[in-house]
Amino acid sequence: ICPVLAFGDSGKGKHRICPRDGKMDCSIVDAVEGQHRGRATHFVSWCWDYTLDEFTGSIRSWLLKENLCPDDTFLWVCFFCNNQ
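Described below are features of the structure shown in this document. Fair warning: this is a prediction, and the values are worked out from it, not measured in the lab. (Residues numbered from 1 in each chain as written. Predicted model: local features only at pLDDT ≥ 70, side-chain atom pairs only at ≥ 80, totals over all residues. Heavy atoms only, no water.)

Moving on, we come to the nonpolar core. Counting 10 residues, the largest nonpolar core is built from Cys2, Ile28, Val44, Trp46, Phe55, Ile59, Leu63, Val77, Phe79 and Phe80. Elements with a minimum of two residues in this core: helix 3 (52-65) and helix 4 (78-81). (Core = buried A, V, L, I, M, F, W, Y, C linked by side-chain atoms within 4.5 Å. Buried < 20%, exposed > 50% of the residue type's maximum accessible area, 1.4 Å probe, protein only. Helix = DSSP H or I, 4+ residues; strand = E, 2+ residues; numbered from the N terminus.)

Shown next, in the form of structure tokens:
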């Protein structure tokens, strides 16, 4: 996940102003379009060993099991929210 979304000049937050500190380069969540971010409804703990398929598949399964609407569910995941 990290090499695709966060590394180098192609990183999602690269060359964008952070809305919290006004400095260059922001977190991934600040770089995605507004409809894909919102106040967190759930916290997700994860580790770097998960593949993208495992991570997204687990989230999909959980949403179905809990009968949650993806459009109304916002996850706090450190990798996407922290400007690391």
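Moving on, we come to the side chain of Asp30. Structurally, Asp30 can be placed in helix 2 (residues 28-31). Among the polar contacts made by the side chain of Asp30, one reaches the side chain of Arg20 at a distance of 2.3 Å. At 3.0 Å, the side chain of Asp30 and the side chain of Ser27 are in polar contact. Not counting residues within four places of it along the chain, the set of residues in contact with Asp30 comprises Cys18, Pro19, Arg20 and Arg37. (Polar contact = N/O pair within 3.5 Å; in protein donor to acceptor, adjacent residues only side chain to side chain. Contact = heavy atoms within 4.5 Å.)

For helix 3, with 14 residues, the first-to-last C-alpha span of 20 Å sits near the 20 Å given by 1.5 Å per residue. For helix 3, the complete set of buried residues consists of Phe55, Ile59 and Leu63. The buried residues of helix 3 occupy one face: seen down the axis, they fall within an arc of 65 degrees. Facing away from the buried side of helix 3 by more than 90 degrees, the exposed set consists of Asp53, Arg60, Leu64 and Lys65. (Expected span 1.5 Å × (residues − 1). Arc of directions from axis to C-beta.)

Counted under the stated rule, the structure contains two salt bridges. Between Asp25 and Lys14 there is a salt bridge, and its shortest N-O distance comes to 3.4 Å. Here the residue Asp25 occupies a position in the loop between helix 1 (2-5) and helix 2, and Lys14 occupies one in the loop between helix 1 and helix 2, the gap between them amounting to 11 residues. For Asp25, a relative accessible area of 23% puts it in the partly exposed group. The partner of Asp30 in a salt bridge is Arg20, with the nearest N and O atoms 2.3 Å apart. Here Arg20 lies in the loop between helix 1 and helix 2 and Asp30 lies in helix 2, a separation of 10 residues in the sequence. (Salt bridge = Lys/Arg side-chain N within 4 Å of Asp/Glu carboxyl O.)

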